[in-house]
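The chain contents come next:
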Amino acid sequence: MVVAHVEQNTSATKNRRSMTRKKKARTAANTTQVDGDEEMSSEVIPPLKSNHIPEDDDLMIEINPTPALEASSAPSFPALPASATQSTLKSETRRIPIPPHRMTPIKKDWINIFSPLTEILGLQVRMNVQRRCLEIRTSKATTEIGALQKGADFVKAYALGFDVNDAIALLRMDDLYLDSFEIKDVKTLHGDHLSRAIGRIAGQDGKTKFTIENTSRTRIVLADTKIHIMGSFQNIKIARDAIVSLILGSPPGKVYAGLRTVSSRMKQRAL
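A quick note: this is a predicted structure, and the numbers were derived from the prediction, not measured.

1. Focus: the environment of Gly203
And then number 1: With respect to the element layout, Gly203 can be found in the loop between α8 (192-202) and α9 (207-216).
And then number 2: Gly203 sits in the partly exposed class, given a relative accessible area of 24%.
And then number 3: Taking the C-alpha atoms as reference points, Gly203 and Pro252, 49 residues apart in sequence, are found 8.3 Å from one another.

2. Overview of the pattern of salt bridges
And then number 1: Inspection of the entire model under this criterion finds 9 salt bridges.
And then number 2: Notably, a salt bridge pairs Glu135 with Arg126, separated by 2.5 Å at the nearest N-O pair.
And then number 3: For Arg126, a relative accessible area of 52% puts it in the exposed group.
And then number 4: Glu182 is the salt-bridge partner of Lys184, the closest N and O atoms lying 3.8 Å from each other.
And then number 5: Through salt bridges with shared partners, a single ionic network connects Arg95, Arg126 and Glu135.

3. Describing the confidence of the model for the chain
The predicted coordinates ought not to be read in detail in places where the model reports low pLDDT.
And then number 1: Of all residues in the chain, 71% have pLDDT values of 70 or greater, and the mean over the chain is 79.
And then number 2: Within the chain, the element-level pLDDT minimum falls on helix α1 (residues 2-42), averaging 56, and the maximum on strand β6 (residues 226-231), averaging 94.
And then number 3: Here residues 1-8 is a poorly scored stretch, pLDDT under 50, and it has 0 contacts once near neighbours within four places are set aside; other chains count.
And then number 4: For residues 38-44, every residue scores under 50 in pLDDT, and the model assigns this stretch 0 contacts once sequence neighbours within four places are set aside.

4. As for helix α10 (residues 233-247)
And then number 1: With 15 residues, α10 ought to run about 21 Å at 1.5 Å a step, and its terminal C-alpha atoms sit 21 Å apart, in line with that.
And then number 2: Considered for burial, the residues of α10 that qualify are Asn235, Ile236, Ile238, Ala239, Ala242, Ile243, Leu246 and Ile247.
And then number 3: The first or second residue beyond α10 is Gly249, which carries a positive phi of 115°.

5. Let's talk about the sheet that holds strand β1 (residues 93-97)
And then number 1: With antiparallel pairing, the 3 strands of this open sheet are ordered in space as β1-β3-β2. Of all strands in the sheet, those with a lone pairing partner are β1 and β2 (124-128), marking the two edges. For this sheet, the mean inter-axis angle between neighbouring strands, taken without regard to orientation, is 20°.
And then number 2: Across 5 bridges, the pairing between β2 and strand β3 (residues 133-137) is antiparallel.

Thresholds, definitions, all that
Residues numbered from 1 in each chain as written. Predicted model: local features only at pLDDT ≥ 70, side-chain atom pairs only at ≥ 80, totals over all residues. Heavy atoms only, no water. Helix = DSSP H or I, 4+ residues; strand = E, 2+ residues; numbered from the N terminus. Buried < 20%, exposed > 50% of the residue type's maximum accessible area, 1.4 Å probe, protein only. Salt bridge = Lys/Arg side-chain N within 4 Å of Asp/Glu carboxyl O. pLDDT = per-residue confidence, 0-100. Contact = heavy atoms within 4.5 Å. Expected span 1.5 Å × (residues − 1). Pairing = 2+ DSSP bridges. Axes fitted to C-alpha atoms, helices over the stretch in contact; angles between N-to-C directions.

And the structure:
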């Protein structure tokens, strides 16, 4: 019995010794593997040699680096030369068509039309009879930038039917304008209704038209179904409102009352 127990103890010790030997072998193998990995990582891989030659675009060399621009509050520009202040480098031309019924009056008033354009504005003027138009152009004597436009407005006002003395005001004043509209723009009328509307605007012997002109300080031309008004922006609106109310059928007495109130307000503002 004693012998058997001794044999079992010796076999157990042998097994323990073999297991410890195996563990030591495993740990030794792991340490050797880690050391090998560290040696591989510590080795520097030399770069691959290539035959690529760098071009000029690849080389970016700063020879003279420019300093940073200083921030300024406002840009500075050189002064303009005297030649740049001139309005036009070459002459400009305008052609204003003249209606057939205004050809005879323009021949009679040619001196009164020719003189303001040449003396006040310094333009060159000629009448083209074949084309039935008046041609104006700038010259060396033209000093004002808007002289050509003013001259065209002056001739156009005369062609529409305004008097020469009234049209000259367009050359001397800057806040005068022309406004044109037709009766059918306000209300569509035909036959006798259209004739009565024109008669209400004109009045007996032109009394209504003169009253509107004097009250609103404008000039009005009745050309069949077309109405032309010349004056300042505010005065044109007053005259147009009065004419529109007459076209729509308002009696002249009611329009006169409205014009009186408007004229009294204008006088108060002037004071």
